[in-house]
Structures are given as structure tokens and as C-alpha cells.
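Single-letter residue listing:
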Amino acid sequence: MGLNLRGRSFLTLKDFTPAEIDYLLDLAENLKRKKKMGIQGDLLRGKNIALLFEKPSTRTRCAFTVACIDEGAHPEYLGKEDIQLGSKESVEDTARVLGRLFDGIQFRGFKQETVETLAKYSGVPVWNGLTDKYHPTQVLADFLTIKEKFGCLKGIRLVYIGDGRNNMANSLMIGASKMGMDFVICAPKSLWPEDILVEECKAFAKESGAKVTITDDIDSAVFGADVIYTDVWCSMGEEAKAEERIKLLKAYQVNADLMKKTGKEETIFMHCLPAVKGNEVTEEVFESKASVVFDEAENRMHTIKAVMVATLS
């Protein structure tokens, strides 16, 4: 399928059609196969990539760096000590400078507006490595993992349990509603996603045949789940809320009992990592044969590589 994504930024999955998301997943599968065969790539040869980090990272930084080097690009890491985004220099001016020097820019930080401004002013593809609102590269990795386990996305029952208004819940809801999945957010009412986003996703779902359900009823949510997905109860920058979150979300912990409630032997457990074991998930489930968290972590690199190759080469 010869879709052309050259020159496009990757800021949220809202901007991509189901066919384009499928294309990125197919490309990631091919690039993963090539790497496993030991074939050195050159699809990004001669490209220079700026990696901007306001928030620290293990998987995102390593995935972008290895993906660049695998395909012949040069990655340049710019941490918050190296660059003064919006303090000493405006985001607009930083974008215009970096766009003159680099072929593509990754941003991982706080505000979604920052990554959108970089994309607007830099003149080169910009990729969202995580903001407070969205984490689209993680969702591509998650979907590649689900495809590897079940052979498809359409009709898969994906249940996200825990903090239902964070960037992962938002991004999974967007992706699942585009790809025809049966998607459930199970969370206490005070942690439900914004109504406006739920309505947008329900509109995507109408087109794809997906279902979107938001509930606080754990038993009905997890029954029949193919995938149980959770994330930390306190996102970066919310550490002060830890105690109240733990109280609020205790019942939503993914443990052996909850996994049994799916009524399915083949249900898999997913987490974008890092995990706080003993909070959102028990050590037992994390280490169980149902857990595919390290496949997911590896797939960050293959899907990020696909995004860069599709938008740059």
C-alpha cells in the first residue's frame, strides 16, 4: 500500500486515518523483520534528528536513538539543560533554528501546545514522544504488540484500567476508536476522560465499527477482555497526589483475581512502563506469562523507526 506520509508530523493519532495507522504498523513489522535478519538499514542516511527532552525517558530516548542509528541517521540529544525552550528563547524561534539545522525533531515534554508550535514553525516533521495530553508513539507500539499476539486489531476488546484521564488513556481511546476495537476505560468517575474527547472518539468509532465504553464497574469492564492495560496512578509531575490516588485506585489494581475475571485464558497484560509494582499491578501479574510488557517496550523502537522512515524518506 503506497501511502505517502512524507513531510507529515506525528503529534496525535487524531491526525491519521485507519489506513495510515495500518501502513505504519505494516512498515514497523517489515523494519523489525529486517533488523532481526541483521540487515543494516540506510533509509535515513544523511538525516540529522534533534531529540528534545523536557521530561527524562528510558524507552523513548533509547528507541529514537537506536532507530536513527539503525537506518543511518545522526541523533542529537538536547535535554532541558541544553536548550531553553520557551524561557531564554521562544518555542517559535527555537523551532525555526532547529528546522534549518535538522531534518526532523522529536519532542518529549509537558504541553501539547509546545509540540504543535514546533511543528508549525520548524518546517520539518515533528514527532510527539509524549506530552501531558497524548503519547501516540506508545500506542503504535501497543498496537503492533496486539497484532503480533492476536493477528488483528479489529474487534479486540482492549480494557484500560486505572487513571482514565491521562495521556495513555486518551491516546489508546483515539487509536482504538479509529481501528475498530472494543475499547473500555474503567476508572473512578473523578478520573474519567474529558467529555469532548470521548465524543470525538465516538465519532471515529461510528466510522470504524469500534465501541467506546467509559465505566467504573470493574466486573463488567474486564469480562471478555483480550487485553488488560494499565499505567502508573500518578503521572510525572503529579507526585503530590500519590497518597489520594492510591486510596482512590486501590480497587482498580491489576492482580490475579482481576485477570481471572476476564473469563479468558489468553488475555494479555500490557503496561507502557515504568511500572510501580504493588500499586497499579502486582509483581505476580507483571511477571506472569500473560505479561507482554517487554515486547511492547521493544516495539517502541520498531514503530518509532517506521514513523521516522515514513515521514522522512
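Everything numeric here is computed off the predicted structure, so don't read it as measured data. (Residues numbered from 1 in each chain as written. Predicted model: local features only at pLDDT ≥ 70, side-chain atom pairs only at ≥ 80, totals over all residues. Heavy atoms only, no water.)

**Points about the pairing of strand β9 (residues 268-271)**
Moving on, step 1. Burial of β9 is two-sided: the residues I268 and M270 facing one way and the residues F269 and H271 facing the other way are all buried.
Moving on, step 2. With four bridges connecting them, strand β8 (residues 227-230) and β9 associate as parallel partners. Directly across from V227, in β9, lies its bridge partner I268. (Buried < 20%, exposed > 50% of the residue type's maximum accessible area, 1.4 Å probe, protein only. Helix = DSSP H or I, 4+ residues; strand = E, 2+ residues; numbered from the N terminus. Pairing = 2+ DSSP bridges.)

**Quick look at unusual backbone geometry**
Moving on, step 1. Across the junction of L273 and P274, the peptide omega takes the value 0 degrees, indicating a cis bond.
Moving on, step 2. When you line up the elements, P274 lands in the loop between β9 and α11 (283-286).
Moving on, step 3. In the Ramachandran plot, L130 falls in the positive-phi region, its phi being about 145 degrees despite a non-glycine side chain.
Moving on, step 4. A relative accessible area of 7% means that L130 is categorised as buried.
Moving on, step 5. Backbone geometry at L273 places phi at a positive 65 degrees, although glycine is not the residue there.

**Focus: the sheet that holds strand β1 (residues 48-53)**
Moving on, step 1. Reading across from one edge, β2-β1-β3-β4 is the order of the four strands in this open sheet, with parallel pairing throughout. Two strands close off the open sheet at either side, each with one partner strand: β2 (74-79) and β4 (126-130). Across this sheet, the average inter-strand angle for adjacent strands is 20 degrees, counted without regard to direction.
Moving on, step 2. Relative to β4, strand β3 (residues 104-108) runs parallel, the two sharing four bridges. Across the sheet, the residue bridging to R108 is L130, located in β4. (Axes fitted to C-alpha atoms, helices over the stretch in contact; angles between N-to-C directions.)

**Brief notes about the environment of D217**
Moving on, step 1. Here D217 is to be found in the loop between β7 (211-215) and α8 (218-222).
Moving on, step 2. With a relative accessible area of 39%, D217 lands in the partly exposed category.
Moving on, step 3. Spatially, the C-alpha atoms of D217 and C68 are 43 Å apart, while their sequence positions differ by 149 residues.
Moving on, step 4. Looking at D217, its side chain comes within polar contact range of the main-chain nitrogen of D219, at 3.2 Å. (Polar contact = N/O pair within 3.5 Å; in protein donor to acceptor, adjacent residues only side chain to side chain.)

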